[in-house]
Amino acid sequence: MSAAVGAERPQVVSHVQQALSYTVFDCKWVPRSARLLCLGSAARGTGIIQLYELHGARLELLREIEKPKPIKCGTFGATSLQQRFLATGDFDGNLNIWNLEAPELPVYSVKGHKEIINSIDGVGGLGIGEGAPEIVTGSRDGTVKVWDPRQNDTPVANMEPVQGESKRDCWTVAFGNAYNQEERVVCAGYDNGDIKLFDLKTMSLRWETNIKNGVCSVEFDRKDINMNKLVATSLEGKFHVFDMRTQHPTKGFASVSEKAQKSTIWQVRHLPQNRDVFMTSGGSGSLHLWKYEYPAQRSKKDSEGCEMGVAGSVSLLQNVTLSTQPISSLDWSPDKKGLCVCGAFDQTVRVLIVTKLNKI
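Residues numbered from 1 in each chain as written. Predicted model: local features only at pLDDT ≥ 70, side-chain atom pairs only at ≥ 80, totals over all residues. Heavy atoms only, no water.

### Digging into unusual backbone geometry
Here is step 1 of the chain: In this structure, Arg 84 takes a positive phi of about 50 degrees despite not being glycine.
Here is step 2 of the chain: Its place among the elements puts Arg 84 in the loop between strand 6 (71-75) and strand 7 (86-90).
Here is step 3 of the chain: Residue classification places Arg 84 among the partly exposed residues on the basis of a relative accessible area of 26%.
Here is step 4 of the chain: Phi angles above zero are rare outside glycine, and Met 203 is one such case at about 50 degrees.
Here is step 5 of the chain: Following the sequence through the fold, Met 203 ends up in the loop between strand 16 (194-199) and strand 17 (204-210). (Helix = DSSP H or I, 4+ residues; strand = E, 2+ residues; numbered from the N terminus. Buried < 20%, exposed > 50% of the residue type's maximum accessible area, 1.4 Å probe, protein only.)

Now the structure itself:
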């Protein structure tokens with residue numbers, strides 16, 4: 001690992017801090033706006049959605065919406081830029097889609113899982129990529145389900161443990177490879193270190209591996225391109241970057257791993273404007289900004305003549321400690337380069353500005 005040197009290093013500047021009266025589990029920028037959402041759980045066990053607008057160096061609360069069940073996760077990924085509907089997963093296993101202009105009743109609702117929905121992702125919306133608008137949910141009940149909000153209560157895909165296989169708590173899900181109308185994959189990470197790649201076109205398990213520690217977060221560098229890179233973060237402070245361009249029949253995908261810190265890496269998020277830069281958030285209340293460097297050649301032939309991938313390297317651009325508590329959620333603004341929001345278990349949401357990203 002090499003650290004970026006000199007005055008060109010990006011700086012992570014805390015721009016606004018806002019104390020919250022509840023536990024925040026997820027933060028999201030509202031696309032095409034200076035607004036952001038905080039999702040979480042009130043002390044009395046209800047769910048909270050707060051909508052804020054950024055005005056210079058302060059956050060103005062525009063709306064607070066209370067729901068019966070604590071809200072764990074949210075995504076705008078399957079909605080149009082015109083509607084900007086928010087899909088959420090809650091502690092009771094419900095998948096709801098909300099119109100934030102009229103949030104009294106969900107525009108779509110399904111009892112998706114028997115237990116908490118830990119993770120949610122959307123694809124096919126926001127004018128990004130190809131194919132149907134779909135939402136994927138991963139739950140403590142061991143299943144990963146894909147939903148098309150245009151269809152009613154049944155998932156379009158249901159990835160569950162096979163007969164006799166023990167169910168594992170699914171902690172994280174992400175879409176990828178959605179570069180045309182037909183192709184699409186879902187990556188899921190589990191509490192025992194399993195990572196599974198499901199091909200939705202062939203409805204099959206395309207690849208699996210185990211990183212020996214609970215998988216907290218997975219994300220492709222882009223959802224809407226031919227699979228390029230995948231980052232997976234773990235409980236023990238390690239993350240793995242997989243080169244997803246070349247799949248070897250037995251060895252799978254080449255990867256590089258990095259020990260970022262001693263504590264859990266809760267989240268990874270790629271910079272929307274540069275897919276080789278990503279941020280990880282940690283249990284120690286810190287953020288680390290990384291850059292991936294490709295090798296001279298991304299594939300080579302093995303002794304049998306099969307193509308196999310070659311992993312690159314990662315360098316640390318910057319790190320900063322913001323909180324004494326874990327930073328559990330993180331989201332880059334899709335519209336303004338370097339603008340970022342994170343939520344921590346110290347019941348604070350922070351808006352950050354990362355400088356000099358155009359110099360790297």
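So, next bit.
### Looking at the sheet that holds strand 10 (residues 117-123)
Here is step 1 of the chain: In space, the 4 strands of this open sheet follow the order 10-11-12-13, with antiparallel pairing throughout. What marks the edges here is a single partner per strand, and that holds for strand 10 and strand 13 (157-159). Each strand axis lies, on average, 15 degrees off the axis of its neighbour in the sheet, ignoring direction.
Here is step 2 of the chain: Across 6 bridges, strand 10 lies against strand 11 (residues 134-139) in antiparallel orientation. For Val 123, the partnering residue across the bridge sits in strand 11 and is Glu 134. (Pairing = 2+ DSSP bridges. Axes fitted to C-alpha atoms, helices over the stretch in contact; angles between N-to-C directions.)

### Some thoughts on the sheet that holds strand 17
Strand pairs in the sheet, formed through backbone hydrogen bonds, run parallel or antiparallel to each other.
Here is step 1 of the chain: If you trace the 4 strands from one edge of the open sheet to the other, you get 14-15-16-17, paired in antiparallel fashion. Each of the sheet's edge strands pairs with one partner strand only, and the pair in question is strand 14 (170-176) and strand 17. The average undirected angle you get between the axes of adjacent strands in this sheet is 15 degrees.
Here is step 2 of the chain: As judged from the 6 bridges shared by strand 14 and strand 15 (residues 185-190), these two strands associate in the antiparallel manner. Counted as the bridge partner of Cys 170 is Tyr 190 from strand 15.

### What to know about the packing of aromatic side chains
Here is step 1 of the chain: Considering all chains together, one arrives at 8 aromatic pairs under this definition.
Here is step 2 of the chain: Centre to centre, the rings of Phe 25 and Phe 91 are 5.4 Å apart; their planes meet at 40 degrees, and the pair counts as tilted. Placement of the pair is Phe 25 in strand 2 (residues 23-29) and Phe 91 in the loop between strand 7 and strand 8 (94-98), with a sequence separation of 66 residues.
Here is step 3 of the chain: Taken together, a centroid distance of 6.2 Å and an interplanar angle of 80 degrees make the contact between Phe 25 and Phe 345 edge-to-face. Here the residue Phe 25 occupies a position in strand 2, and Phe 345 occupies one in the loop between strand 29 (339-344) and strand 30 (348-354), the gap between them amounting to 320 residues.
Here is step 4 of the chain: Owing to a relative accessible area of 17%, Phe 25 belongs among the buried residues under this scheme.
Here is step 5 of the chain: The exposure class of Phe 345 is partly exposed, given its relative accessible area of 26%. (Phe/Tyr/Trp six-rings, centres within 6.5 Å; stacked < 30°, edge-to-face > 60°.)

### A look at the nonpolar core
Buried together is how nonpolar side chains tend to be arranged in soluble globular proteins.
Here is step 1 of the chain: Counting 18 residues, the largest nonpolar core has Met 279, Leu 287, Leu 289 and Trp 332 as the members making the most contacts within it.
Here is step 2 of the chain: Elements with a minimum of two residues in this core: strand 23 (274-282), strand 24 (286-293), strand 27 (313-321), strand 28 (327-332), strand 29 and strand 30.
Here is step 3 of the chain: With near-sequence residues (within four places) excluded, Met 279 lies in contact with Gln 267, Val 268, Arg 269, Leu 287, His 288, Leu 289, Leu 330, Trp 332, Cys 340 and Val 354.
Here is step 4 of the chain: Counting 17 residues, the second largest nonpolar core, distinct from the first, contains Leu 20, Leu 339, Val 349 and Val 351. (Core = buried A, V, L, I, M, F, W, Y, C linked by side-chain atoms within 4.5 Å. Contact = heavy atoms within 4.5 Å.)

### Some details on the UniProt feature "repeat: WD" (unreviewed entry) in the protein
Here is step 1 of the chain: The sites that UniProt annotates as "repeat: WD" (unreviewed entry) are residues 135-157.
Here is step 2 of the chain: Taken as a whole, residues 135-157 contains 0% helix and 43% strand, while its terminal C-alpha atoms sit 10 Å from one another. (UniProt positions renumbered as here; feature names shortened; annotations may be inferred.)

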